[in-house]
Amino acid sequence: MHSSFAPEHTVETVCPLDCPDSCSLVATVQDGKLTALDGTHANPVTGGYICAKVRRFPERVYGPDRVLFPMVRKGPKGLASFERASWDEALELVAAKMREARQAFGGESILPYSYGGSNGLLTQDTSDATLFRRLGTSRLARTVCAAPTSAANLGMYGKMASVAYEDYPEARFILLWGANPSASGIHLVPFIREAKQRGATLVVIDPRVTPLAKQADIHLAVRPGTDLPVALAIHRYLFEEGHADTAFLAEHANGADKLRERAQPWTFERAAEEAGIDAAALRRVAELYVAASPALVRCGWGQERNRNGGSASMAILALPAVAGKFGVRGGGYTMSNSASWGFERDWVDAQVPQTREVNMNHLGRALLEYADPPVKVLFVYNSNAAVTTPDQTRVLRGLSRDDLFTVVFDQVMTDTARYADVLLPATTFIEGYDIARGYGPITLRLGRPVIEPVGEARSNADVFGALVRALDLQEDGEPEGELEEMLHVLGRLPAAIGGDLRDQGSATAPHGGRPVQFVDVWPRTTDRKIDLFPPEYDREAPAGLYGYQPDPATPQYPLALISPASERTISSTLGELPRPEARLLMHPDDAAARGLKDGDAVRVFNDLGEVRCNLVVGPWIRTGTVSLPKGLWRRHTANGYTGTVLVPDTLSDLGGGACFNDARVEVESALGSGH
Ligand code: SF4
């Protein structure tokens, strides 16, 4: 089958994984096999280098965990006990179970479950959407990540394009808030370094001492969940001490008075007390921000993962508006840039049904408690729900239900795949087409097949299309298979963008890719103004917009557990590759208070569950906060549970986001704990 390949050659493609950068890649192929992946300069921002994670991608493609052919469960759920099946058998079984569930319980008894495991424009919301919409399944609210920031960016600015990485060196002041580009979105780091070399002030707000926090002029190691009062204290200073740009606000913003009112109670002292930081350092950050131009805020995702995450993200994104920092290159803010192309993903003709919406953070509840109708078929793709979703105990109990028919369509034997009734092998991005849209750099590139599918793996477009036909849901003229799907999507994009992608493999954004906010791009709200206080958000947030909900810590569980992105996985993708064991990071003072030392086997626990692992003690995290890496698999801890077992399935104030950083825990030695 590989006769078309020369003994060794290279193919250019793009990384579509859930990372902001969308690196342009060159793949080396020998005898039809992928042997290496590296960066190219085709995407100039990614500068010819890639992360260590994706360098290991060949190990995923050919590794022992790769799913090579369809399989049907033959033993108990959870044990990965399967027997091989043909594609026809597997798809017939899936179609029959969907038909059966729909007849007996209605379409809403089918729950599709997916996120950004394969983040390209072809691998999600194409033929999968056609299938699930026409079946009238429950609709999934994809909220496990980026929901609060997305709501904030949408409500306040209509997702206006934001400052490009290349313009960071222009900034005289950079505030990195809840972002650790050294682990995720690595290509921002050299631009920040260059800005620093040119004399910019760098401020980092993060509970951990990240690599850039070490180089920062000021690092505010806030207690998780307190970003909101910290940002409001800066607003209070701007408004009350005469630094608000009232002329800009009058012309370009609505709701400034309401923001001012909500910020009023938050003096530097009060906010600093709540956040566990030094009030003078916080005041200094505000003063430096006011004094500098261009001044830039990089709003990350760390601050959204708690009960106050939506309001916190709103308050952070409001800073350049109130301080008057727009209108110059290198000034303003950077948030997700995925919307800066000016098109929506609306290439599926099937109507969105008005069916039940299930928040993906409530998967455990949905599987165990939803009764009207119960979930009878779960279809998981682009996701490893067993380890990435809050309240892992509930999720695993749900997945264990004997009367639940679970389909998992994935590239490797994930922890979720072990619970499948039918397991379908998916192609990786190396084996097919995709369109990758960066959400850091403003880039859009076409990915091409580098090798033929490994084993019997098939693309998402292909498999969902086959199910559409098996269930008699197809309409005339709809694309069949991946290549047709790609051509269909290219045809639905704005003509210039689709044409460039087709002809040259990449496109240029309408504003040229380095927009100056309020010069080249404007809020995409209905009146083209910034909305600092959308009334519907005030109604949605339990304590009102910019209303602070206190820390959920108790005397029994005083430690905040966070789970930030690591240098090893992209969310949980690549978690199957061999790695050192996962360890819990704790500050020396917290360790001493518990009689614990570096390397100890510990038990991290609360009322929801426990994780057993080893401890690493160091000053790289603030006191009162402990950290486990994001994206762990069950094999990475001593008891087979990951950090999500300790996370409540409560939701953020806006957008229904996950509250990973609201886990409150205690830690003790695992030896002689009696448990
Ligand atoms: S994960 Fe990010 S940094 Fe790594 S290759 Fe993909 S786009 Fe580049």
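Placed above this text is the structure.
Residues numbered from 1 in each chain as written. Predicted model: local features only at pLDDT ≥ 70, side-chain atom pairs only at ≥ 80, totals over all residues. Heavy atoms only, no water.

K.L.:
Account for the pairing of strand β15 (residues 377-381), naming residues and giving values.
P.N.:
By the criterion of burial, β15 is predominantly enclosed, with five of the five residues buried. The alternating pattern of β15 places Val 377, Phe 379 and Tyr 381 on one face and Leu 378 and Val 380 on the opposite face, and all of these are buried. Pairing analysis gives five bridges linking strand β6 (residues 110-114) to β15, with the strands arranged parallel. Residue pairing in the sheet places Ser 114 in a bridge with Tyr 381 of β15. (Buried < 20%, exposed > 50% of the residue type's maximum accessible area, 1.4 Å probe, protein only. Helix = DSSP H or I, 4+ residues; strand = E, 2+ residues; numbered from the N terminus. Pairing = 2+ DSSP bridges.)

K.L.:
Please give an account of the site of the ligand that cites residues and values.
P.N.:
Inspection of the region around the ligand gives Cys 15, Cys 19, Asp 21, Ser 22, Cys 23, Ile 50, Cys 51, Val 54, His 187 and Ile 570 as its neighbouring residues. Per-class residue counts for the shell around the ligand are seven nonpolar, two polar and one charged. (Near = heavy atom within 4 Å. Nonpolar A, V, L, I, M, F, W, Y, C, P; charged D, E, K, R; others polar.)

K.L.:
Break down helix α16 (residues 392-399) for me, with residues and values.
P.N.:
In an α-helix, one full turn covers 3.6 residues, which means residues spaced three or four apart are oriented alike. Among the eight residues in α16, six count as buried, and that is most of the element. Taken as a whole, α16 has its buried residues at Gln 392, Arg 394, Val 395, Leu 396, Gly 398 and Leu 399. Those residues of α16 that are buried lie in contact with α14 (363-368), β15 and α15 (385-388). (Contact = heavy atoms within 4.5 Å.)

K.L.:
Kindly report on the packing of helix α8 (residues 227-240) against helix α13 (residues 309-323), identifying the contributing residues and their values.
P.N.:
Running from N to C, α8 and α13 point in directions that differ by 25°, and their axes come no closer than 8 Å. Of the possible angle classes, the one that applies to α8 and α13 is roughly parallel. Here α8 and α13 pass one another in a crossing that is left-handed. Every residue of α13 that contacts α8 at Asp 227, Leu 228, Ala 231, Leu 232, Ile 234, His 235, Leu 238 and Phe 239 is listed here: Ser 311, Ala 312, Ala 315, Ile 316, Ala 318, Leu 319, Val 322 and Ala 323. The class makeup of the residues in the contact of α8 with α13 is 13 nonpolar, two polar and one charged. (Axes fitted to C-alpha atoms, helices over the stretch in contact; angles between N-to-C directions. Parallel < 35°, antiparallel > 145°, perpendicular 65-115°, else oblique. Left-handed = near helix turned anticlockwise from the far one by under 90°.)

K.L.:
If you had to explain the sheet that holds strand β9 (residues 201-205) to someone new, which residues and values would you point to?
P.N.:
The strand order β10-β9-β8-β12-β13 describes an open sheet built from five strands, whose pairing is parallel. Both outer strands of the open sheet, β10 (218-220) and β13 (332-334), are each paired with one neighbouring strand and no more. Ignoring strand direction, the axes of neighbouring strands in this sheet form an average angle of 15°. Bridge count between strand β12 (residues 295-299) and β13: three bridges; the pairing is parallel. Pairing of Arg 298 across the sheet is with Thr 334, part of β13.

K.L.:
Please give an account of the sheet that holds β6 that cites residues and values.
P.N.:
Spatial ordering of the open sheet is given by β5-β4-β17-β16-β15-β6, a layout of six strands whose pairing is mixed. The open sheet has two edge strands, β5 (82-84) and β6, and neither has a second partner. Ignoring which end each strand starts from, the neighbouring axes of this sheet average 20° apart. Across five bridges, β15 lies against strand β16 (residues 405-410) in parallel orientation.

K.L.:
Account for helix α10 (residues 256-263), naming residues and giving values.
P.N.:
Taken residue by residue, α10 has Ala 256, Leu 259 and Ala 263 as its buried positions. Buried residues of α10 fall within an arc of 60° about the axis and therefore sit on the same side. Those residues of α10 that are buried are in contact with α8, α9 (246-252), β11 (253-254) and α13. (Arc of directions from axis to C-beta.)

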